Amino acid sequence: MDTAHRSFPILVALFVLLFGVTSSQPYEEFLQCLEFHDSNITSIVYTRANSSFSSLLESSIRNPRFDTSATPKPLLIFTPRQISHIQSAIRCSRAHRIQIRVRSGGHDYEGLSYSTISPSLTFLVLDLRNLRAIQVDVPSKTAWAQAGATLGELYYAIAAESKKSSTLAFPSGICPTVGLGGQISGGGWGTLLRKYGLAADNVLDTRVIDAEGRILDRASMGEDMFWAIRGGGGNTFGIVIAWKIKLVPVPASVTACTVTRTLEQNATEIVHRWQYVVDKLSNDVFFMVVLNRVVNPIQANATTIQASFNSLYLGSIEGLILMMEAKFPDLGLRRENCVEMSWAKSILYFAGFPLNSPLESLLDRTISATGSAKFKGKSDYVKEPIPISGFEGIWEKLKEVGVQTGGLILASYGGKMSEIPESSIPFPHRAGNIYQVEEVAFWVEDGVEAADGYLNWLRGLYEYMTPYVSKNPREAYANYRDLDIGRNGGGGEGDYRRARSWGSSYYKNNFDRLVRVKTAVDPANFFRNEQSIPPLSSWR
Ligand code: FDA
């Protein structure tokens, strides 16, 4: 090690002693600054000394992988009740150099809305749980929804307002506890994507607070920034307070079906065939296939690979069966595999709730889709059908992990997704994709060794998928954040050239425009994290 390297930790220690980067000083000054702006504000600030700090922090940690004693924790949690509170937080954070991590639903795959990879970073969590008002306007088929609301709360509000007909919906994600702040900032796909595109494709207006603390709407921010915030990633251009969204028509009754096939029931051939059909079906049909290892239902003490075909059809059971008999007879869809229900109830069906669950289950913010399991996800896009031999290799990979601890989720594309130009919003994965893949690992065991085992397995599966998925760039979905594909520095300090590799995976040719917008609206890189878009000035 050379002298410069050896003296670096000493310099850092000296800096910390002199300027108190990790002392309580920035926190006390920050609080004084907040009080100066609003004398009542401290009641919504939770410091580590507060008895509710840990439970508040943990209540929206959706990946327990980032809920250990080793996970870097915020200096404080700030739960604004009104917009002026956020403006004060921005001004005081800037003045006292405390980084802000915004949290809406807390589903960030890498925990970046409430943690960081950098143990020395001084940051606060700005948690929007109290900003979740929703106003649905049925006549104009629009709604204003605050960013701290969950998808479940939005779907429930739409269903409640249009209850006489239940014919309005919003094309967004499947998991009811996902927050509108993060979901729409990264795209947001769900069972209506083949009919209406993504959540971000259906945003009409917004309220955002920028790095100067100004409240902007679509007109005042201009079309470039309005373009960027609809899919260009959260915690990057500003804090989204609310979205004005376009509601879309759905039939009063839709059909949800599940068909499972194991290897012994011809799963390999059926999944293989599915790829040739699924993006060309009527836009009224959406298919999701979950591939994983399960206990063999017909052989004691044995496991097998299962493909679970979940579909949503905007029509009747008879209509779907007729279509499947004509287009995809290999699946063998039967009436008993399907149930008719309202679209809002179909969300509960896809999220795995029992069939008789009340619609109010959509409002439960405490439910965790992954239970206490830690997880990591990665994503891919498939443009050419994977050959039978490719699936046989996937089965071998799945056999390397335990029952239901690793899997792939395939979501059908085509339809409206192919009609929207790649540059319409930052999300670029449009025409030419048959389906999106999520590779995922779940585990309940504690400790670094167990985690490394699952992470290595997942990385091996991802490596195995290389010849079968998109190339140059290998595309990825920004909302399935994956720090393996590249990142900024731990404090979020960015470098255009480095960011370009992961940035083009998420955004393809839209990456450069995102950098231009970032450079224009937040040149000092105030809003940042390990995968936020860097401004060009940080490269210079
Ligand atoms: P979180 O609060 O963690 O925010 C995610 C990112 O956005 C962070 O960088 C955060 O700082 C930033 N952010 C949050 N609020 C913001 C605001 N108001 N303004 C600016 N930035 C903000 N995706 C999908 O498309 N369809 C699906 O069906 C699902 N299903 C699903 C299930 C489960 C169990 C998980 C864990 C995740 C998904 N996702 C998904 C992925 C999901 O869309 C993605 O994780 C979102 O970013 C989550 O948004 P939250 O607000 O919940 O997360």
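Cut-offs applied
Residues numbered from 1 in each chain as written. Predicted model: local features only at pLDDT ≥ 70, side-chain atom pairs only at ≥ 80, totals over all residues. Heavy atoms only, no water. Disulfide = S-S within 2.5 Å. Helix = DSSP H or I, 4+ residues; strand = E, 2+ residues; numbered from the N terminus. Buried < 20%, exposed > 50% of the residue type's maximum accessible area, 1.4 Å probe, protein only. Contact = heavy atoms within 4.5 Å. Expected span 1.5 Å × (residues − 1). Pairing = 2+ DSSP bridges. Near = heavy atom within 4 Å. Polar contact = N/O pair within 3.5 Å; in protein donor to acceptor, adjacent residues only side chain to side chain. Areas by Shrake-Rupley, 256 points an atom, 1.4 Å probe, with all protein chains shown as cover. Core = buried A, V, L, I, M, F, W, Y, C linked by side-chain atoms within 4.5 Å. Axes fitted to C-alpha atoms, helices over the stretch in contact; angles between N-to-C directions. Parallel < 35°, antiparallel > 145°, perpendicular 65-115°, else oblique. Left-handed = near helix turned anticlockwise from the far one by under 90°. Nonpolar A, V, L, I, M, F, W, Y, C, P; charged D, E, K, R; others polar.

Peer 1: Describe the state of the cysteines, listing the residues and the values that go with them.
Peer 2: All chains considered together, the criterion is met by 2 disulfides. In this model Cys 33 forms its disulfide with Cys 92; the gap between the sulfur atoms is 2.1 Å. Where Cys 33 bonds to Cys 92 through sulfur, the torsion about that S-S bond is close to -85 degrees, and the disulfide is left-handed. Of this pair, Cys 33 sits in helix H2 (residues 25-37) while Cys 92 sits in helix H4 (residues 83-96), placing them 59 residues apart in sequence. We classify Cys 92 as buried; its relative accessible area is 0%. One disulfide bridge connects Cys 257 with Cys 338, the sulfur atoms lying 2.2 Å from each other. Because the torsion about its S-S bond is 105 degrees, the bridge between Cys 257 and Cys 338 counts as right-handed. Taken together, the residues span a long stretch of sequence, with Cys 257 in strand E12 (residues 254-262) and Cys 338 in strand E15 (residues 338-341) at a distance of 81 residues.

Peer 1: Please set out the environment of Ser 162 residue by residue, giving values where relevant.
Peer 2: By secondary structure assignment, the location of Ser 162 is in the loop between helix H5 (151-161) and strand E7 (168-169). Considering only alpha carbons, one finds Ser 162 and Arg 365, 203 residues apart in sequence, at a separation of 22 Å. Those residues in contact with Ser 162 that lie beyond four places of it in its chain are Val 138, Thr 167 and Leu 168.

Peer 1: Outline H4, supporting the account with residue identities and numerical values.
Peer 2: The end-to-end C-alpha separation of H4 is 20 Å, in line with the 20 Å expected for 14 residues at 1.5 Å each. For H4, the set of buried residues is His 85, Ile 86, Gln 87, Ser 88, Ala 89, Ile 90, Cys 92 and Ser 93.

Peer 1: Outline the pairing of strand E4 (residues 123-127), supporting the account with residue identities and numerical values.
Peer 2: Most of E4 is tucked away: 5 of the 5 residues are buried. Neither face of E4 is exposed, since Phe 123, Val 125 and Asp 127 on one face and Leu 124 and Leu 126 on the opposite face are all buried. The sheet contact formed by strand E2 (residues 76-78) and E4 spans 3 bridges and is parallel. Residue pairing in the sheet places Ile 77 in a bridge with Val 125 of E4. Judged from the 5 bridges that link them, strand E3 (residues 99-103) and E4 form a sheet pairing that is parallel. If you follow Ile 100 over to E4, its bridge partner there is Leu 124.

Peer 1: Describe in detail the site of the ligand, supporting the description with residues and values.
Peer 2: Taken together, 33 residues form the shell around the ligand, and within it Val 102, Ser 104, Ser 113, Gln 183 and Tyr 477 come nearest. Measuring from an oxygen atom of the ligand, one finds a backbone N or O atom of Val 102 at 2.6 Å. The backbone of Asp 108 places a nitrogen or oxygen atom 2.9 Å from an oxygen atom of the ligand. Within the complex, 95% of the 950 Å² of free accessible area of the ligand lies under protein. Elements with a contribution of two residues or more to the shell around the ligand: E3, helix H6 (180-186) and strand E10 (239-246).

Peer 1: So what's going on with the nonpolar core? Which residues, and what values?
Peer 2: Counting 109 residues, the largest nonpolar core has Phe 78 and Trp 189 as the members making the most contacts within it. The residues touching Trp 189, leaving out its near neighbours within four places in the chain, are Ser 172, Gly 173, Ile 174, Gln 183, Leu 198, Phe 286, Met 288, Ala 411, Gln 436, Tyr 477 and Tyr 480. Val 271, Leu 320, Phe 391 and Met 465 belong to the second-largest nonpolar core, a separate cluster that totals 49 residues.

Peer 1: Quick rundown of unusual backbone geometry? Include the residues and the values.
Peer 2: Pro 473 follows Asn 472 through a cis peptide bond whose omega is 0 degrees. Phi is positive for Lys 141, close to 50 degrees, though the residue is something other than glycine. On the basis of relative accessible area, Lys 141 is assigned to the partly exposed category, the value being 39%. The backbone phi angle of Asn 266 is positive, close to 75 degrees, even though this residue is not glycine. Secondary-structure assignment places Asn 266 in the loop between E12 and helix H9 (267-277).

Peer 1: I'd like a rundown of the packing of helix H15 (residues 496-507) against helix H16 (residues 511-521), residues and numbers included.
Peer 2: With their axes 9 Å apart at the nearest point, H15 and H16 run at an angle of 125 degrees to one another. Viewed along their axes, H15 and H16 adopt a mutual orientation that is oblique. Residues Tyr 496, Ala 499, Arg 500, Gly 503, Ser 504 and Tyr 507 of H15 lie in contact with H16, whose contacting residues are Phe 511, Asp 512, Leu 514 and Val 515.

Peer 1: With reference to specific residues and values, describe the packing of helix H8 (residues 218-229) against H16.
Peer 2: At a minimum axis distance of 10 Å, the contact between H8 and H16 shows a crossing angle of 120 degrees. For the element pair H8 / H16, the angle class is oblique. Every pair of crossing elements has a handedness; the one defined by H8 and H16 is left-handed. Contacts between H8 and H16 pair Glu 223, Asp 224, Met 225, Trp 227 and Ala 228 from the former with Arg 513, Leu 514, Val 517 and Val 521 from the latter. Per-class residue counts for the contact of H8 with H16 are 6 nonpolar, no polar and 3 charged.

Peer 1: An account of the sheet that holds E2 is requested, with residue identities and associated values reported.
Peer 2: Read from one edge to the other, the open sheet built from 4 strands follows the order E1-E2-E4-E3, with strand pairing classed as mixed. Of all strands in the sheet, those bounded by a partner on one side alone are strand E1 (45-47) and E3. Averaged over all neighbouring strand pairs, the angle between strand axes comes to 25 degrees, with direction disregarded.

The quantities given are spatial measurements derived from coordinates; they are silent on function.
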